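A closer look at the structure
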Amino acid sequence: MTTNTVLSKNLETFSLIWLDAVVNDSIENIETQQRLRKFINHLKTFQNADDCIQYIQSQPKDRFVLIISGRLGRDIVPRIHNLRQVYSIYVYCLDKERNERWAKSYAKIKGVINQLHDLETQIRTNHENRCQTNINEPLPITFFITHNENNKDINENFIYSKLLIEYLLHIIPISTDEKELISLCKDEYKGNENELQILREFENDYSSDRALWWFTRETFVYRLINKAFRIQNLELLLIFRFFIRDIQRLIEQNKCTNALYVYRSYLMSMDEMDLFRNSIDEFLSINGFFITNIHRQQTINYLLNSDLTHDLEKVLFEIYADPQTDSHKPFCNITPFSFFTGEDQILFTLGSIFRLVSIHQQDIENHRIWIIRMKLTTESHKRLKPYFEPMKTQYNTGQMNLLSFGKILRKMQKFDDAEKFYRRLLKELPHDHINIADCHYNLGLVADEKGDYESSLEWHQQAIIIKKQVLKTNDPSLACSYNSIGNTYQKKGDYKRALEYYNKALLVWKKAFGENHPDIAMCLNNMGCIYENEKKYSQALECHQKALAIKNQHLPNDHVNLSATHNNLATVYGCTGQLDSALQHFHSSLKIKYKCLPSNHQDIALSLKNIGLIYEMKGDFLQAKMNYEKAATIRRHVLSSTHPDVVRIEQDIKRVSSKLK
């Protein structure tokens with residue numbers, strides 16, 4: 001990873017856009033742009049309206065302050081006014097009176113101005129007022145829905161955010177992280193002397209005991225880390241590891257011991273509001289350091305004094321927090337450590353989980369305000385525990401190490417992020433570090449998953465070269481590399497080379513573990529699949545039977561890995577016409593899947609289809625139809641009516657139904 005990768009987009013949430021056909025044609029405009037950057041660093045100019053609109057639409061997670069000419073404004077404002085990312089608009093023009101007539105119809109237009117000095121002053125004043133409350137700062141929230149199984153994407157995002165936070169909190173930072181952050185910011189704020197001066201102060205004066213002082217000050221630190229959490233900028237968050245750990249240490253050292261109510265004001269879009277209203281009595285995680293206020297009226301005042309457009313709702317979060325709920329996620333009063341005075345602030349640990357209790361509207365001083373009541377909870381809550389206990393086992397969260405999060409990213413199929421993660425480690429670690437070979441090995445696995453088989457082989461071969469320099473010839477780690485190379489050759493269709501490497505792996509594992517180790521079963525399974533593809537069914541059966549015998553010695557009867565081996569055996573038996581044996585193993589596979597997977601999982605549908613196919617081959621069309629229909633019910637529940645799997649299973653039902661007549 002290079003700094004340029006991190007800097008490919010604006011690192012802050014708010015940025016300025018200036019759209020005018022002559023925006024860069026005068027020294028006066030250029031000098032104004034430089035002054036505007038003192039308080040909103042990222043400024044982008046456009047002379048073409050369509051290019052400007054396209055850019056705004058491409059950045060839905062950002063917030064834009066737009067300066068626009070009167071001539072272009074009349075056409076452009078109606079097209080972009082309702083976009084959530086457009087925060088405020090300033091019309092800079094010559095004919096103020098004429099443009100005020102049309103501008104008054106748009107609430108986001110904060111001023112029609114004909115003097116650059118006045119434009120600059122008004123933008124700065126409004127920006128400073130916004131920074132005092134941050135009520136329009138998007139919150140990094142993910143939901144976990146327990147009452148409905150059709151929320152896989154929502155729940156997976158929740159789990160991913162939690163795993164990322166666990167890694168950031170538990171892994172010791174690299175000693176160069178702080179220097180890399182400073183170097184990155186020097187590039188980001190180049191030409192912005194105001195921010196560079198603050199950066200020099202940070203470089204000279206930062207210490208771990210002042211982390212909260214820096215976090216609460218309106219500087220690049222607060223802006224960068226908040227956006228990084230919100231958009232899950234993995235590379236930037238890894239650079240901030242030292243700062244995250246410093247804040248967490250201060251929270252733990254000064255944690256509250258008594259229960260209390262706290263408040264947070266927020267301007268919420270209707271889409272967000274719908275998500276909240278549909279999630280009452282469900283759970284949400286705030287995946288950043290969450291600042292709240294002890295004083296309800298003071299928090300309400302921020303809402304009462306805020307500008308509101310028709311597409312936003314005023315929201316007051318009312319939160320009950322008891323420190324006895326979750327000792328692993330403390331919160332603390334940061335008032336003694338804060339840069340600002342005049343507020344009693346409570347800061348929650350990264351990834352604190354809340355239960356959404358209720359939502360209702362209330363009239364407060366002639367303002368309609370949504371009251372969202374939440375209660376601090378924990379992943380050990382009786383409705384969350386069934387989901388999170390297996391997750392801890394699957395991702396081994398209790399034993400996080402330097403490589404752990406890369407493995408998590410791979411398992412969650414975030415292969416681009418996994419590649420960036422391992423490449424970053426290669427850059428950070430000394431050339432003789434014990435994990436260098438592991439980084440090469442894991443990059444080989446990632447490249448294989450992405451279908452880049454040549455790169456995969458190169459990474460694996462580099463890993464083997466390093467391993468042979470430091471390991472014995474029968475070290476199991478070498479067998480893992482051989483097995484992975486075999487997998488890649490199998491995907492390339494080069495079965496001869498694949499078997500060559502599988503046999504190498506098998507030899508090493510047998511020397512290291514004997515004849516009955518689970519890794520040997522895995523390798524035999526891989527070899528069996530190759531023999532099946534080559535139509536060498538007797539050899540395929542032998543491999544899969546040996547693999548099943550080994551797994552039965554090591555795994556419980558309902559382990560999901562046994563399901564896969566039963567499925568492989570069933571497939572080979574089906575190919576050889578041994579249909580009763582095929583049915584027996586397909587049913588064994590299905591029985592395990594029913595125990596391990598959700599009832600509407602696609603793997604269950606696939607087993608039901610395969611069982612139906614065997615019954616059809618046996619001429620038992622009634623049983624075939626019954627199993628096809630069960631598979632169809634699952635697929636229709638999860639997939640669209642035009643999905644190929646739905647179309648195919650309906651064709652199967654139609655075909656076997658015709659045979660019943």
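Relevant structure appears above.
Let me sum up the structure you'll find in this document. Every chain begins its residue count from 1, and numbering advances along the sequence as written. Thresholds applied to this predicted model are a pLDDT of at least 70 for local features of residues and 80 or more for the giving and counting of side-chain atom pairs; totals over whole chains, interfaces and linings are not thresholded and use all residues. To get the side-chain values, all heavy atoms of the structure are used, and hydrogens and water are removed first.

Helix numbers and strand numbers start at the N terminus; a helix is a DSSP run of H or I with at least 4 residues, a strand a run of E with at least 2. Considering the arrangement of structural elements, one finds isoleucine 319 in strand β10 (residues 312-321). Partly exposed describes any residue whose relative accessible area lies between the buried limit of under 20% and the exposed limit of over 50%, with all areas from a 1.4 Å probe on protein chains only and scaled to the type maximum. Judged by relative accessible area, which is 0%, isoleucine 319 ranks as buried. Each C-alpha atom, one on isoleucine 319 and one on isoleucine 372, is 8.3 Å from the other, the two residues being 53 residues apart in sequence. Discounting residues that sit within four places of it in the chain, isoleucine 319 has contacts with Leu260, Tyr261, Val262, Phe290, Thr292, Phe348, Phe354 and Met374. By the convention used here, residues are in contact when the closest approach between their heavy atoms is within 4.5 Å.

All right, on to unusual backbone geometry then. Its identity is not glycine, yet aspartate 281 carries a phi of approximately 70°, on the positive side. If you trace the backbone, aspartate 281 turns up in the loop between α14 (270-277) and β8 (283-286). The phi dihedral of asparagine 366 is positive, around 70°, even though this residue is not glycine. By the element assignment, asparagine 366 lies in the loop between β13 (352-364) and β14 (367-377). Using a relative accessible area of 81% as the deciding quantity, one classes asparagine 366 as exposed.

What follows covers the pairing of strand β5 (residues 109-113). Within a regular strand, the side chains alternate between the two sheet faces. Among the five residues of β5, four are classified as buried, and the element is accordingly described as predominantly covered. Only strands joined by at least two bridges in the DSSP assignment are considered to pair. Of the strand pairs in this sheet, strand β4 (residues 86-92) and β5 are connected by four bridges, and their pairing is parallel. Of the residues in β5, the one forming a bridge with valine 91 is valine 112. When the strands point away from the viewer, a crossover counts as right-handed if the route from the first strand across the helix to the second turns clockwise. Following the chain from β4 across helix α5 (residues 96-103) to the adjacent parallel β5, one finds a crossover that is right-handed.

Here the focus is the packing of aromatic side chains. For Phe, Tyr and Trp, where Trp contributes only its six-membered ring, two rings pair if their centres lie within 6.5 Å, and the inter-plane angle classes them as stacked under 30 degrees, edge-to-face over 60, or tilted in between. Tallied over the entire structure, the rule returns 35 aromatic pairs. Relative to phenylalanine 340, the ring of phenylalanine 339 has its centre 5.2 Å away and its plane inclined at 85°; by these criteria the two rings are edge-to-face. Taken together, the ring pairs in this structure connect Tyr189, Phe202, Tyr206, Trp213, Trp214, Phe220, Phe240, Phe242, Phe243, Phe339 and Phe340 into an aromatic cluster. The ring of tyrosine 441 has lysine 467 sitting right over it, with the charged end atom 4.6 Å from the ring centre. By definition, being over a ring means that NZ of Lys or CZ of Arg is both within 6 Å of the ring centre and within 35 degrees of the ring normal.

For the rest of this paragraph, the subject is the nonpolar core. Judged by nonpolar contacts, the single largest core of 76 residues is most densely connected at Phe243, Ile244 and Phe405. Of all the elements, helix α7 (residues 152-170) adds the most residues to this core, at nine residues. In contact with phenylalanine 405, not counting residues within four places along its chain, are Tyr160, Leu163, Leu164, Tyr167, Leu234 and Phe421. If you look at the next biggest cluster of nonpolar residues, it comprises 54 residues, including Trp509, Cys523, Ile550 and Ile649. Here, nonpolar core means buried Ala, Val, Leu, Ile, Met, Phe, Trp, Tyr and Cys residues that are tied together by side-chain atoms lying within 4.5 Å of each other.

Axis geometry follows a simple rule: fit a line to the C-alpha atoms, using only the stretch in contact for helices, then measure angles between N-to-C directions, giving values from 0 to 180 degrees. Closest axis-to-axis distance for the helix α23 (residues 518-533)/helix α25 (residues 560-575) pair is 11 Å, and the angle between their directions is 20°. Relative to α25, α23 is oriented roughly parallel. The element α23 and its partner α25 pack so that their crossing is left-handed. Counted together, Asn525, Cys529 and Glu532 of α23 and Asn568, Thr571 and Val572 of α25 form the full contact between these two elements. For this scheme, ten residues count as nonpolar: Ala, Val, Leu, Ile, Met, Phe, Trp, Tyr, Cys and Pro. Four count as charged, namely Asp, Glu, Lys and Arg, and the remainder, Gly too, count as polar. Of the residues in the contact of α23 with α25, the class split is two nonpolar, three polar and one charged. Note on terminology: angles under 35 degrees are roughly parallel, angles over 145 are roughly antiparallel, angles of 65 to 115 are roughly perpendicular, and the others are oblique. Each crossing gets its handedness from the near helix: less than a right angle anticlockwise from the far helix is left-handed, clockwise is right-handed.

Here strand β9 (residues 290-293) shows two buried faces, one formed by Phe290 and Thr292 and the other by Ile291 and Asn293. Bridge count for β9 against strand β12 (residues 345-348) is four bridges, and the pairing is antiparallel. Following the sheet pairing, phenylalanine 290 is matched in β12 by phenylalanine 348.

Adjacent strands of a sheet form backbone hydrogen bonds with each other and so pair up, either parallel or antiparallel. If you walk across this open sheet you meet the five strands as β2-β1-β3-β4-β5, and the pairing is parallel. Edge strands, defined here as strands with exactly one partner in the open sheet, are β2 (43-46) and β5. On average, each strand axis in the sheet is tilted by 15° relative to the strand beside it, whichever way the strands run. As defined by bridge partners, strand β3 (residues 63-69) adjoins β4 across six bridges and the pair is classed as parallel. Across the sheet, the residue bridging to isoleucine 67 is tyrosine 90, located in β4. Set on the sheet, helix α2 (residues 27-36) makes contact with β1 (14-19), β2 and β3; between it and β1 the angle comes to about 170°. With respect to the sheet, α5 is in contact with β4 and β5, its orientation differing from that of β5 by roughly 165°.

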